[in-house]
Every structure is written in structure tokens, then in C-alpha cells.
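What the coordinates show
Chain by chain, the residues:
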Amino acid sequence: MTLSGPSLPLASGTGIKGSSGWKCLGQWLRFLPLGTCETLAPVPAGAERWLCGRPQSPEWNWGKLRLSHHCQNRDFGPEWVPPEGEEQMGLAREGGLVPLTLPEDSFQSRFRMVIRTPPRLLELAAKSLLKDEDLAIAALEYLPTELFPLLFMEALAGRCDKTLKAMVWAWPFARLPLGGLTQMPHQKALQAVLDGLDCLLARKVRPRRWKLRVLDLRNASRNFWSMWSGARVHECLLTGPVAEDSLRMKGPSGPLTVFVDLCLRERTLDECLANLIRWARRRRSLHLCCKKVTIFGMPIQNIKEVLNLVQLGCVLEVEVHFTWQLSTLGKFAPYLGRMSNVRRLVLSHIHKPSSSSEEKHIGRFTSQLLRLRHLRKLRMESPAFLEGCLGQMLRCLKSPLEALSITNCQLTESDLACLSQCPSISQLKELDLSGLSLACFSPKPLQVLLERVAATIQDLVLEYCGLLDTHLEAILPALSRCHQLQTFSVRGNHLSMALMERLLRHTAGLSRLSLELYPAPLESYSSQGIIHPGRFAQAQAELLGILKDLGLPRTIWLRTNPCPHCGSKIVYDSDPFVSC
């Protein structure tokens, strides 16, 4: 919207509806500096009486008062209809915002194209109010609920920590999302909020307006703040879930809940998280909940101290991106077992020492999996302890998996057979066995495995498994029945041109298949295992001819195998083959 000269636009989303809304606006205008506005859009009949409480002055010319508002007739109630001709002055009958129309030769029309949109009425009032923090704090008791988010943002921008602390006491919503405050330079503001909560929780009698149940310190994507204020000024700083934020609760029920995502790095906690943990230790009555725990590196004793403060039943995702000894996994296992609602578990690089206690630590881990009855996604990268023990772990899974990834480790043929018979894979959508050495295995377990998941599998990744023509030949019938398949990758294996042709023909009927990654055929390599550009180009031409012969639109990628001399995985790659 563009208005001319000294004007005060009022954007949509401020909650100015009906007589009560205009009354709220009248209260807010008391804090507006004199001489701020002269020309606004039309005020509906009956609303002016709520605005006339502001002292009259030459600068406040009621004859020219106009309020520009994104509205429909029902916003002002059924009794109000725009007078004839009002639509041309800036307020449409059927809703939507219409710019104020001015004469072409007016000074304002010439000035309009070079002036920035002025601050909104509410923003000016908030800034004016915050010039006197004591006055702002005193006004919180009477401030309309809809204006709290905007005033909070202005207090944050102005570093009015005293006001922020007081606003926590009077917060009228069930949730206060402050994920952005966990980052610098807002840690001081976060500390002000925590201090406010500390004082509040120590009281036996809580303020009348206080409705706060949840302090949300997670970094989320949806914007609670602009939904209420209609502003975009500080949205990059303050974000949070909207679904429950706008609910006005009758009163607090139970202890305060604090949501935070734990990211444990290095040997010590970052300053913000450390302050939060210290604060939580002092207030045992609150619930510290965490939906996601990510560990990049921290001594297990420190991890245990942090997890002892968390309501572990709230945890939905656990990721460990750090090299652990098997004994460390055994110490972590009891805490994992208490995370009974975990849906996603990622473990990376678990080393297996040569010791007599190995079996004991494996038993500690697998026994806790019995308690994870909601586990849907399991990813294990380089789990050295699984060789010969996969069946023991799979028997402890009590829920159907949607995604399973076991990569870059050694398994036995018996392990693969146990996987193919596991009841938990009956609904599997994603399977990744990359980096497993299957060259010496019988094709039978892999064939049975694919038959078990054919009805549901969407992503199948078997990269660098040492697969030969015999393995792929065995799974072709089952592969052609994977009608939900979207991604299929067997790059890094040793397949001939003849097998590649059969593979392309068997997968031609999979209409959902959109990403296909294959190895360059064996005929593309020299006797030393090095890619030969001329042979590779010939293989490309033959495969393109096969795709055209099938007559279906399709895109495939070819990737070369690692060089036997330098180990590079990408020596000579092609652009995707596209057949139309």
C-alpha cells in the first residue's frame, strides 16, 4: 500500500474488528505522539467515539481522519455500510486493500512515488510507549491481547530488557516462541525472559493475565509474530510454530514446559545452552522437553548430566555424529531406552574393541531397542559391532520400520538372511545397504529381501556393494514388481552391458521411478580397471539406443567405479541420458 504525505496506514492482521476492536485502538492511540498523522482512510460510523478520547489538538484534525484497513464490511459489523463514494476514497465494499486515490495534479500525487511507506500506527505507538519503560510496564495490565506480540518485538529491537521481563509476567498466550533468541546477539534478551520466569515461578499467586504454558526455544520456520502483528520487521529473529500459539487458554495447567533442541558439541555446552541448563537445575518444577537430540562430540558423562534434566519421553529424534566405542554406546543405552517415543535414530561410527565385555555392551544396546515401540527410521553408519549380531538387534525391533540404512560395515551372509526374514521390514519404504561387501554372498538372501519389500519400497540404494551380474539377475523379477519405486541406485558395482540392458528393460514399467544411478558397464574399462573414454562413449550410445527402443521418457545417470590406482570415485562421469 502507498499513502501520501504524513499518514498512518494500518495493515491487516491487527484484530481491529467490531466495536471492541475500535475501542482497543482508541486505548492504543493515547500513546501516539501529537502531530503524527493528518490523513488516514475513512473511519466507520460509530467507531469515532472510541477514538475521541485522545486530547484534541490542531495537529489532530478529525475532519481529515482516515484509517486504511484491509477489511470487509463484516469487520465493522452488519450495521455499517460505506457511504456512497467512499470506495473511491480508499475502502472497498468487497474486501481487499485499495490505495487512496488522489487528484492527478495534487502535491501528494507527485510526492507519492518517492516516499517510503510510513511506519504503521501500531509500530509508532509501541515505540512511543517504550520511551518510558515504567509507563509501558504499567500499561501491560490494560493492553489489548492482540498488541502484545508487536510490543514484544519492539522491546526486543530496542533492547528493553526490563519491559521484556515484565511482559513474561503478563503474557496472554499459551506459548511464547523465542527460538531466535538462542543465537547471538539476543542472549541477553533471553536471559531477561528467563529471569522474568524465575521470579514468576517463585510466586505463590500468579498474575491475573498470565496464561503461559510453553516457552519454545526451538528454531522453527513458521512465524507466530507476524501472524499476530501483521509486521515483517523482526521475523528472522523470532519464529515459532503457529498451530497452538494463538489459543487463548483459560489458565495455566501444570508446570511450565520449556521446549529446546539439544545440540551437544565439543567438550562443553555453548553459553546459551549452558545458561538454560543452569536455570533448569534451579527450577525442578518445570518440564524441560526436547524433540531432537544431536550429538557431535561430548564426553558421555557430560551427556548424561544434560539428559538427566530432560523429559526423555518427549524426544522424537536422536542423532549421534561422532565416533564412539562400543562401551560408550552401552553407557548411553539406558537413556535411549527411556526415550520411548523416539521415531528416528541415527548412529555413526561405533567401533568394536577386542575385549571380553563386547557381548555385554551389545546386549545393553539391543535390549533397550525393545522399549522403542514407535521407532520408524533407523540409520547406522559404520556399525562395526553388527557383524554376526544383526539378527540379535533385529529381533528387538517391535515396530514396523519405514526406513532402514546399514552402511559401510561388514555383515555375514547369515546377517543378511536374518534381515530378509525380519517382521519389521514388511512396510519398508527406504532401504540403503551401501558399502556392504556382498560379493561373496549367495544371491538368495538379497532376492528374498527384495521380494519382502517390493510392495512398499520407494528408495532402494545398493551402492558399492561389490554386486555382480548374478546378484542383479536374481533380483530382476522382484525389482520389476516394485511399482512404488522412485529412486534406484546400484552405482559402484560390477555389471556388464548385457545385464545393464536387462535391468533397463525390467524397470521400464515402473512409472514412479525418477532417479536412476548405474555404474559404467564393465566393457568401458581397460584390463587394468581404468575407464577408457572411447569405450565409455560407445557404451553410452548403446544405452541411449536401448532407452529409445523402449519408447518411454526416462533419465538415467552413469557413474564410474573408483580408480584402482588413486581411489577416486569420480574419474569420468557422463551427463544424464534423457530419452523422450
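Rules of the game
- Residues numbered from 1 in each chain as written.
- Predicted model: local features only at pLDDT ≥ 70, side-chain atom pairs only at ≥ 80, totals over all residues.
- Heavy atoms only, no water.
- Helix = DSSP H or I, 4+ residues; strand = E, 2+ residues; numbered from the N terminus.
- Buried < 20%, exposed > 50% of the residue type's maximum accessible area, 1.4 Å probe, protein only.
- Phe/Tyr/Trp six-rings, centres within 6.5 Å; stacked < 30°, edge-to-face > 60°.
- Lys NZ or Arg CZ within 6 Å of the ring centre and 35° of its normal.
- Pairing = 2+ DSSP bridges.
- Axes fitted to C-alpha atoms, helices over the stretch in contact; angles between N-to-C directions.
- Parallel < 35°, antiparallel > 145°, perpendicular 65-115°, else oblique.
- Left-handed = near helix turned anticlockwise from the far one by under 90°.
- Contact = heavy atoms within 4.5 Å.
- Nonpolar A, V, L, I, M, F, W, Y, C, P; charged D, E, K, R; others polar.
- pLDDT = per-residue confidence, 0-100.
- Core = buried A, V, L, I, M, F, W, Y, C linked by side-chain atoms within 4.5 Å.

**Some points on the overall build of the chain**
- What the chain contains, in helices and strands, is 19 helices and 17 strands.
- Taking all 580 residues of the chain together, the buried fraction comes to 50%.

**Some remarks on the packing of aromatic side chains**
- Scanning the model with the defined rule gives 6 aromatic pairs in all.
- Members of the aromatic cluster, connected to one another through ring pairs, are Phe148, Phe152, Trp171 and Phe173.
- One Lys or Arg, Arg218, reaches over the ring of Phe259 and ends 4.6 Å from the middle of that ring.
- When the ring centre of Phe296 is taken as reference, the NZ or CZ atom of Arg265 above it lies at 4.3 Å.

**Section: the pairing of strand β9 (residues 344-351)**
- Where strand β7 (residues 317-320) meets β9, 4 bridges bridge the pair, whose relative direction is parallel. Residue pairing across strands places Val318 opposite Leu345, the latter belonging to β9.
- For strand β8 (residues 324-325) and β9, the ladder comprises 2 bridges, and the chain directions are parallel. Of the residues in β9, the one forming a bridge with Trp324 is Ile350.

**Comments concerning the sheet that holds strand β3 (residues 257-259)**
- Ordered by their spatial adjacency, 4 strands build an open sheet running β1-β2-β3-β5, and the pairing between neighbours is parallel. Edge strands, defined here as strands with exactly one partner in the open sheet, are β1 (175-177) and β5 (287-289). The average angle at which neighbouring strand axes cross in this sheet is 15 degrees, direction not considered.

**A word on the packing of helix α4 (residues 121-129) against helix α6 (residues 148-157)**
- Interaxial distance between α4 and α6 falls to 9 Å at its minimum, and their mutual angle equals 55 degrees. Considered as vectors, α4 and α6 are oriented oblique to each other. Regarding α4 and α6, the two cross each other, and that crossing is right-handed. Taken together, the residues of α6 that come into contact with α4 (itself represented by Leu122, Glu123, Ala126, Lys127 and Leu129) are Leu150, Leu151 and Glu154.
- Of the residues belonging to the contact of α4 with α6, the class tally is 5 nonpolar, no polar and 3 charged.

**Quick notes on the packing of helix α17 (residues 469-479) against helix α18 (residues 497-506)**
- Two elements in contact, α17 and α18, have axes separated by 10 Å at closest approach and are oriented at 10 degrees. Taken together, α17 and α18 sit at an angle that is classed as roughly parallel. The chirality of how α17 crosses α18 is left-handed. Across the interface between the two elements, Asp469, Leu472, Glu473, Leu476 and Leu479 of α17 pack against Leu499, Arg502, Leu503 and His506 of α18.
- Partitioning the contact of α17 with α18 into residue classes produces 5 nonpolar, 1 polar and 3 charged.

**Some remarks on the confidence of the model for the chain**
- Mean pLDDT over the chain stands at 75; residues scoring 70 or higher make up 66%.
- For residues 31-104, every residue scores under 50 in pLDDT, and the model assigns this stretch 130 contacts once sequence neighbours within four places are set aside.

**Concerning the environment of Phe385**
- Its location among the elements puts Phe385 in the loop between β10 (377-383) and α14 (390-394).
- It is 9.5 Å that separates the C-alpha atoms of Phe385 and Leu411, two residues lying 26 residues apart in sequence.
- Apart from residues lying up to four places away in sequence, Phe385 is in contact with Leu326, Leu329, Ile350, Lys352, Ile362, Phe365 and Met380.

**Remarks on helix α16 (residues 443-453)**
- Every buried residue of α16 is accounted for by Pro445, Leu446, Gln447, Val448, Leu449, Leu450 and Val453.
- Buried-residue contacts for α16 involve α15 (413-421), β12 (430-432), β13 (459-461) and α17.

**Regarding the nonpolar core**
- Formed by 142 residues in total, the largest nonpolar core has its most connected members in Leu262 and Phe332.
- If we ignore the near neighbours within four places in the chain, the residues touching Leu262 are Leu273, Cys290, Lys292, Val293, Thr294, Val306, Leu307 and Val310.

**Description of unusual backbone geometry**
- Phi is positive for Ser382, which is not a glycine, with a value near 55 degrees.
- For Ser382, the location among the structural elements is in strand β10.
- Unlike most non-glycine residues, Tyr464 shows phi in positive territory, near 55 degrees.
- Note on placement: Tyr464 falls in the loop between β13 and α17.

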